[in-house]
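# Structural description and commentary
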Amino acid sequence: MKLPSQEEFDVSSAYENVPTGELDSGPGSGPSPDGSSDTDNRELGIPEDPLLFIQLNELLGWPQALEWRETGRWVLFEEKLEVDAGRWSAPHVPTLALPSLQQLRSLLAEGLVLLDCPAQSLLELMEQVTRLESLSPELGGQLQSLLLQRPQHLIQITSTRPCWRAAHTREAFHDEEALLKEQCQNPLRQKLPPGAEAGAVLAGELGILAQPLGAFVRLQDPVVLGSLTEVPLPSRFFCLFLGPPTLGRSYHEIGRAMAILLSDPQFQWSARRASNLHDLLAALDAFLEEVTVLPPGRWDPTARMPPPKCLPSHHKRLPWQMREVKDPSARCGAPAEDRHGLRLHAPSPELRRTGRLFGGLVQDVRRKASWYPSDFLDALHPQCFSAVLYIYLATLTNAITFGGLLGEATDGAQGVLESFLGTAVAGAAFCLMAGQPLTILSSTGPVLVFERLLFSFSRDYSLDYLPFRLWVGIWVATFCLALVATEASVLVRYFTRFTEEGFCALISLIFIYDAVSKMLSLTRAYPIQWPGSPAYGCFCQYPDPGGNESQWIKTKPNDRDDIISKDLGLVNASLLPPPECARRGGRPRGPGCHTVPDIALFSLLLFLTSFLFAMALKHVKTSRFFPSIPTLPGRGWLVSPFGANPWWLSVAAALPALLLSILIFMDQQITAVILHRPEYRLRKGAGFHLDLFCVAMLMLLTSVLGLPWYVSTTVISLAHMDSLHRESRACAPGEAPSFLGIREQRLTGLVVFILTGISIFLAPVLKFIPMPVLYGIFLYMGVAAISSIQFTKRVQLLLMPAKHQPDLLLLRHVPLGRVHLFTAIQLACLGLLWIIKSTPAAIIFPIMLLGLVGVRKALEWVFSAQELLWLDELMPGKEKNIPEKGLEAEYSHSGSDIKDSELMYQPKAPEINISVN
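Figured I'd write up the structure that's included with this text. Fair warning: this is a prediction, and the values are worked out from it, not measured in the lab. (Residues numbered from 1 in each chain as written. Predicted model: local features only at pLDDT ≥ 70, side-chain atom pairs only at ≥ 80, totals over all residues. Heavy atoms only, no water.)

## So, the nonpolar core
Of all hydrophobic cores here, the largest spans 129 residues; its most connected members are V472, V476, L660, I664, W709 and L849. Ranked by residues supplied to this core, first place goes to helix α17 (residues 382–409) with 14 residues. Discounting residues that sit within four places of it in the chain, L849 has contacts with F503, L506, L663, M666 and L833. Formed by 31 residues, the second largest nonpolar core is a distinct cluster that contains C117, M126, L206 and L213. (Core = buried A, V, L, I, M, F, W, Y, C linked by side-chain atoms within 4.5 Å. Buried < 20%, exposed > 50% of the residue type's maximum accessible area, 1.4 Å probe, protein only. Helix = DSSP H or I, 4+ residues; strand = E, 2+ residues; numbered from the N terminus. Contact = heavy atoms within 4.5 Å.)

If you want it as structure tokens, here you go:
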């Protein structure tokens, strides 16, 4: 056995005098602009412990030259050293053998346990660890020399070969500062948050020992223990497990067991606060109580389980007594939402009545005024630039498409130019004044349907459309102001997921239907010219010298004589291309002369390509033409109040205005409710009353100017929210970035609408972008929105055999037949809405949207409160109907397989979004 001399381990103290602050200021450390990642613990009031990096150094080479080599590391998941490949394995869920845990418990019970050790260097720590009665002075000295030997670390540096860092000679450390800098540049350091600590576990076989040696040390103050760990972090824990050679790799597994214990949040929490050996063993026993045993022969021990998508909340695994102290909501009288994480209705402050006229509006203004400066300062981030680009393209697409559809529906009374100008003016004003500036105003499918009906009514009864529309807008603004004054927005509490999904599905289907129907109409206008079709020929009418016209033949040679004449250069006037025919005095005749045969084919390719690119790359582009003057010749920018209409029509306009007010209220508030789901973690609150007030004022403005009406658009608003996701930057290996919330500000929307207004002057450029690209983007937005709601997943269950159905949480609590019944009712409501929208009865379409709330209320007679809790959500006042035991079962620590499923920790409420990179 070769033990290191004193000269060889002196260099290991090179880092011990380095201040902790200097190490924390290296790459990957420092304050994160997005805030801390332990959001859940902070919200629950649980003390925040630093993230712990655990490293396993194994003693290898007995009985020849001994060396310490790093063979494993943990943050949240395990990474094993693959020696032959010279790399670290992918992070995976660690597995343990029960005997290793039992042996570890025995070593801790009989070994050395030092809690709050005052050591300030690696040398002082080793002196205390080796100061045991069972060790002779000579053996203690040899062991101390061995423990001070610098271990080998495999540091994988980007764009270079993996390199081993060891300390066998003094020449290797002639520049200690350069070595420290290199260690700080370890890519792993950049993944650890500031304030992270280290825990070192040393294990191996040593022949000079007659009996096993175990030690567990918790340092009073974290200290950088030289090069003991590959990342120079201050160490909090030090563990040592050595013993005589045995069969197998028992000490390696004991070391892994200790490292896995330290990586467990609950054991780590207890180990940081243990006051004696009994507390430490009690924490190990608590870990053993939660261990799941896999029977031998039923799985492959060499298989590595990938990290789950969702991790269980650490709060749920804390001791029950501590949960009661730290989280009072866990006590018996707390709402079920707090204790179980289920989404029960708890009205937010924005949805509580004040009992005063315009009281809700006044509260919204006061609440949002304090955030107004930060609404602009928070936008000073590079992420906002990409969000502006994406939402600008999406808004431009929406303005062009709905402007074109509106021009067709109103015979040019409104068109693309009005759509651009109205979008810019209304959107910018809303972003400056609204309570939720993340909302994007735009033309929507339901409002377009109402515009079409209003124009058809005016045309059928010979009414002047724009003046009639002006009075409808005035009445709508009046009704909306009445809704704001009476705080009617508090009724959005009754908009459950049933109503939201029906509305979102309808809007998504409108997007998909419009995109496909436009492509079909384009193929009908420019059909593919197949050889032999009647429209394929193009002829040249060329008079002969006698004044008679030559015989026409198709441009495609049909016989050998035509081919020969063409090859020999003989003149045949009918074979001339249209430009040459006209130059020689002939006249091209036939439908094929003015039709490009590949328009439909290339349009279809552009349509599918843009859709697939948007799906695959999450990137959007837009399109096409618009005029540079008001669409309807002769119309001005101010609409006359009466025009050619009788005076009484201004009063009669109140009836359609009432229906449109219902539509505007539903469209605006459903979108607002979706944007303010708890999972988006909005900090600055909602502004339901203020938003509706702004929409009312903008309805009045756009009606006077003859511009389209605007309301919150669900799809683009969700895309805006998704493009502003804030995620943690420091992520442990194998851990997905944690969602921190939305970057709430006003600047992105304001810049988007300013750019939309400037785009009016880009008409010469935009007209060259083909419309099929636009249609493909609309198809993508519709498909992305409808595929992300729970309703779509339940529709898929209707067509899926039971053995292939996913393990959805709702299927564990609701019988499959009841799930199908709920889905069938939703499908029937959606089909009825679509039929009404597509028929002359579409005038009552807004009332049918409101009827979804009534249908949902009636479902309480068909389904129990427990079933509605999992299928939808409860309406206000129905939480008391939930049996308490029905919720406890899912989260009880009974040892059932339900508790360990990652599906339990997924949010029950669906996240409706459009993914944007």
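## Points about the side chain of R150
In this fold, R150 is placed in the loop between α6 (137–147) and β6 (153–155). Within polar-contact distance, the side chain of R150 engages the side chain of S227 at 2.7 Å. (Polar contact = N/O pair within 3.5 Å; in protein donor to acceptor, adjacent residues only side chain to side chain.)

## Thoughts on the packing of helix α21 (residues 497–525) against helix α33 (residues 816–837)
Here α21 crosses α33 at 50°, and the two axes come no closer than 10 Å. Looking at the two axes, α21 sits oblique to α33. For α21 against α33, the interelement crossing comes out right-handed. Mapping the contact onto sequence places F498, E501, G502, A505, L506, L509, I510 and Y513 in α21 and F822, I825, Q826, C829, L830, L833, W834 and K837 in α33. Tallied by class, the residues present in the contact of α21 with α33 amount to twelve nonpolar, two polar and two charged. (Axes fitted to C-alpha atoms, helices over the stretch in contact; angles between N-to-C directions. Parallel < 35°, antiparallel > 145°, perpendicular 65-115°, else oblique. Left-handed = near helix turned anticlockwise from the far one by under 90°. Nonpolar A, V, L, I, M, F, W, Y, C, P; charged D, E, K, R; others polar.)

## Some words on the pairing of strand β10 (residues 235–243)
With nine of its nine residues buried, β10 lies for the most part within the structure. The pairing of strand β8 (residues 197–205) with β10 spans eight bridges and is parallel. Note on β10: the bridge partner recorded for L202 is L240. Sheet topology note: the strand β9 (residues 213–223)/β10 ladder contains seven bridges and is antiparallel. Considered in β10, the bridge of V217 is made with F238. (Pairing = 2+ DSSP bridges.)

## A few points about the packing of aromatic side chains
The geometry of an aromatic ring pair comes down to the distance between the two centres and the angle between the two planes. Tallied over the entire structure, the rule returns nine aromatic pairs. Here the aromatic rings of Y372 and F376 are separated by 5.4 Å at their centres, their planes lie at 65°, and the arrangement is edge-to-face. Taken together, the residues span about one helical turn, with Y372 and F376 both in helix α16 (residues 372–377) at a distance of four residues. Note on Y372: relative accessible area 31%, which makes it partly exposed. F376 sits in the partly exposed class, given a relative accessible area of 24%. Geometrically, the ring pair formed by F498 and F822 is edge-to-face, given 5.8 Å between the ring centres and 70° between the ring planes. (Phe/Tyr/Trp six-rings, centres within 6.5 Å; stacked < 30°, edge-to-face > 60°.)

## Focus on the pairing of β8
The side chains of a regular strand alternate, first on one face of the sheet and then on the other. Within β8, eight of the nine residues are buried, which leaves the element mostly enclosed by the surrounding structure. In this structure, strand β1 (residues 52–60) lies alongside β8, joined through eight bridges in parallel fashion. Directly across from I54, in β8, lies its bridge partner G199.

## What about the sheet that holds β9?
Hydrogen bonds between backbone groups are what pair the strands of a sheet, and the pairing can be parallel or antiparallel. One open sheet holds the eight strands; their spatial order is β4-β3-β2-β1-β8-β10-β9-β5, and the pairing between them is mixed. Unpaired on one side and paired on the other, β4 (87–88) and β5 (112–117) mark the two borders of the sheet. As defined by bridge partners, strand β2 (residues 67–74) adjoins strand β3 (residues 78–82) across three bridges and the pair is classed as antiparallel. Along β3, the bridge assignment pairs G72 with K80.

## Quick look at the environment of M305
Structurally, M305 is set in the loop between α11 (277–290) and α12 (314–317). Separated by 214 residues in the primary sequence, M305 and P91 have C-alpha atoms spaced 8.9 Å apart. Those residues in contact with M305, other than ones at most four positions away along the chain, are H92, V93 and T95.

## What about helix α29 (residues 747–758)?
Between its first and last C-alpha, α29 extends 16 Å over twelve residues, near the 16 Å set by a 1.5 Å rise per residue. Within the span of α29, buried status applies to T748, G749, L750, V752, F753, T756 and G757. Of the surrounding elements, those touching the buried residues of α29 are α16, α17, α18 (416–433), β11 (441–442) and α28 (714–723). (Expected span 1.5 Å × (residues − 1).)

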